[in-house]
Amino acid sequence: MAPSTAWLPALVLLLSFCIAVSATSLDSFLQCLSPNLSSSANQTQVLYFPNTVAYNNRLQSSLENLRFNTSTTPKPLLIIAPTHESQVQAAVFCCKEHGIQMRVRGGGHDYEGLSFVAYEPFVVVDLVNLKSITVNIQEQTAWVQAGSLIGELYYRIAEKSGTLGFPAGLCPSVGVGGLFGGGGIGSLVRKYGLAADNVIDALLVDSNSMIRDRKSMGEDLFWAIRGGGACSFGVILSWKIKLVAVPPTVTVFNVAKTLEQGATKVVNRWQYVAEKCHENVFIRVRLQAANVNGSRTVQALFDSLYVGGVQDLLTVMEQCFPELGLQERDCTQMSWIDSTIFFGGYSSGSPREVLLSSDPPLGKATFKAKSDFVKQPISEDGLEGIWKFLLEEMQGSIQVESLGGKMNEISDYETPFPHRRGYLYDVLYFVGWQNPEESKKSLDWVDRLYKYMTPYVTKSPRTAYLNYRDLDLGVNRKDDTTFLKSSVWGVPYFKGNFRRLALVKGKVDKYNFFWNEQSIPPL
């Protein structure tokens with residue numbers, strides 16, 4: 001039985017920006033979907049129609065960048081929240097049959113909103129109901145459905161074992177589907193590599209609506225989805241991951257240095273040693289303006305995870321980074337799962353159940369972000385130029401994360417993520433704002449900072465991290481997705497792997513159904 005067409009006037013009104021979709025074609029699309037909804041006990045949890053409270057709640061529930069939550073932001077014709085894999089297959093089939101673009105949303109942390117915004121008739125497939133996690137302690141593996149969040153994965157692993165973990169991202173409310181598909185840098189990256197490096201199988205719905213596992217999709221496609229942006233090739237249903245060993249006790253620390261406390265020299269020294277320290281040490285540095293004792297200054301916050309106990313950490317730090325002046329009182333021993341709460345930004349003593357929340361620890365924000373990678377340490381003069389930018393913008397920040405360790409042992413071509421040997425650290429530039437009138441000033445600030453950094457970061461190409469998506473690098477047009485034009489953004493993300501990704505795309509999705517403004521073009 002086809003769904004009622006009573007919602008169609010509201011649908012058409014909502015999408016008046018694109019009159020190409022008629023009520024008749026919408027009705028046909030809904031009729032196409034209808035036979036595949038019978039596996040759901042309650043259709044209202046699968047289909048969300050515009051101009052309803054449920055639709056608005058579902059749309060905004062995991063929309064993390066409020067820059068894409070305005071009255072002029074294009075909205076989907078329909079939100080589909082599948083409860084069964086067959087409904088994902090149906091969504092692909094019906095969108096393809098009726099010429100409607102499909103965007104797939106997991107955690108909703110897409111920095112440029114590509115998972116829930118399009119500028120032609122589109123539907124959103126929200127994977128929120130596909131979040132089963134099955135942990136196999138004997139095999140030390142887990143199957144994780146793509147609607148799961150990083151925090152949920154960490155929590156479910158810890159339910160079964162205190163000595164197994166997984167090297168994924170630092171923000172617990174990020175979805176695994178997108179994070180693994182783009183790489184996945186976290187606090188265990190120097191010990192075990194990226195999240196994508198530890199994926200051993202996957203289930204994917206391809207452009208022909210078929211479900212493929214690693215064997216049936218083939219090694220080329222399996223290579224592409226682990227760091228090449230899985231949404232360019234299909235809809236990930238679930239990942240099979242290899243769990244990693246963690247000790248019962250790890251150690252974390254947070255040490256702050258202001259300019260007056262010698263932050264410039266300490267940050268400069270960190271650049272030389274962080275990539276070379278023992279692989280059990282991961283150090284992130286957050287740089288931001290702060291008001292200290294009534295004066296504005298720059299503060300460098302050194303956050304670290306050591307895979308082991310505090311005494312071993314102190315010995316390692318004395319050998320590789322004595323300039324930080326780390327003391328035992330700065331350190332806290334805890335379980336690995338509690339360290340994910342520490343890095344997630346939750347307050348000390350928060351229960352583990354906070355990892356199950358879909359709300360970002362620091363709340364939602366209106367923001368713009370950009371990224372870089374660095375191979376050569378920045379001089380103290382160069383750092384002082386950065387401090388001027390940070391003192392100018394209280395809502396701006398820079399985050400840098402040490403690489404090296406295991407990352408130096410993995411070939412640039414092992415997965416599409418190429419930023420491996422010789423890279424000291426990755427950089428995230430971030431600026432947020434509260435009021436719409438601050439938008440232009442904030443965007444100008446991050447653009448000027450990005451230009452200032454040009455001499456200090458990678459060159460030929462200047463590289464970027466796909467999971468910190470940045471449309472300033474360049475975009476595809478739907479009617480012109482040539483490889484050469486797409487290279488302006490594709491090469492910064494993937495370097496020499498971009499051509500291989502385009503060849504895989506040409507084999508598995510030659511008509512470019514899985515398209516977005518920075519999807520891999522078919523070659």
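Our subject is the structure listed above.
We now turn to the structure provided with this report. (Residues numbered from 1 in each chain as written. Predicted model: local features only at pLDDT ≥ 70, side-chain atom pairs only at ≥ 80, totals over all residues. Heavy atoms only, no water.)

To continue, consider the pairing of strand β18 (residues 425–433). Within β18, eight of the nine residues are buried, leaving the element largely enclosed by the surrounding structure. Where strand β16 (residues 366–374) lies against β18, nine bridges are found, and the strand directions are antiparallel. Each bridged residue has a counterpart across the sheet, and for aspartate 372 the counterpart in β18 is valine 427. Relative to β18, strand β17 (residues 396–402) runs antiparallel, the two being bridged by seven bridges. If you follow glycine 396 over to β18, its bridge partner there is valine 431. (Buried < 20%, exposed > 50% of the residue type's maximum accessible area, 1.4 Å probe, protein only. Helix = DSSP H or I, 4+ residues; strand = E, 2+ residues; numbered from the N terminus. Pairing = 2+ DSSP bridges.)

Under the counting rule described, the total for this entry stands at five cavities of 30 Å³ or more. In this structure, the largest cavity encloses a volume near 100 Å³. Forming the boundary of the largest cavity are 13 residues, of which Leu287, Ile378, Ile386, Val400 and Tyr425 lie nearest the centre. Breaking the lining of the largest cavity down by element, the ones donating at least two residues are α10 (263–273), α13 (380–392), β17 and β18. Here the lining of the largest cavity is composed, by residue class, of 12 nonpolar, one polar and no charged. Its boundaries defined by the atoms lining it, the second largest cavity holds a volume of some 70 Å³. In terms of lining residues, the second largest cavity is bounded by Tyr154, Phe166, Pro167, Ala168, Gly169, Leu170, Ser187, Leu188, Trp336, Ser339, Thr340 and Phe343. With four residues, the top contributor of residues to the lining of the second largest cavity is helix α12 (residues 336–344). Looking at the lining of the second largest cavity residue by residue, the classes come out as eight nonpolar, four polar and no charged. (1 Å grid on protein atoms, 1.4 Å probe; cavity = no way out; pocket = protein on both sides within 12 Å on 5 of 7 lines; lining within 4 Å. Points joined across faces, edges and corners; volume = space filled by probe spheres on them. Nonpolar A, V, L, I, M, F, W, Y, C, P; charged D, E, K, R; others polar.)

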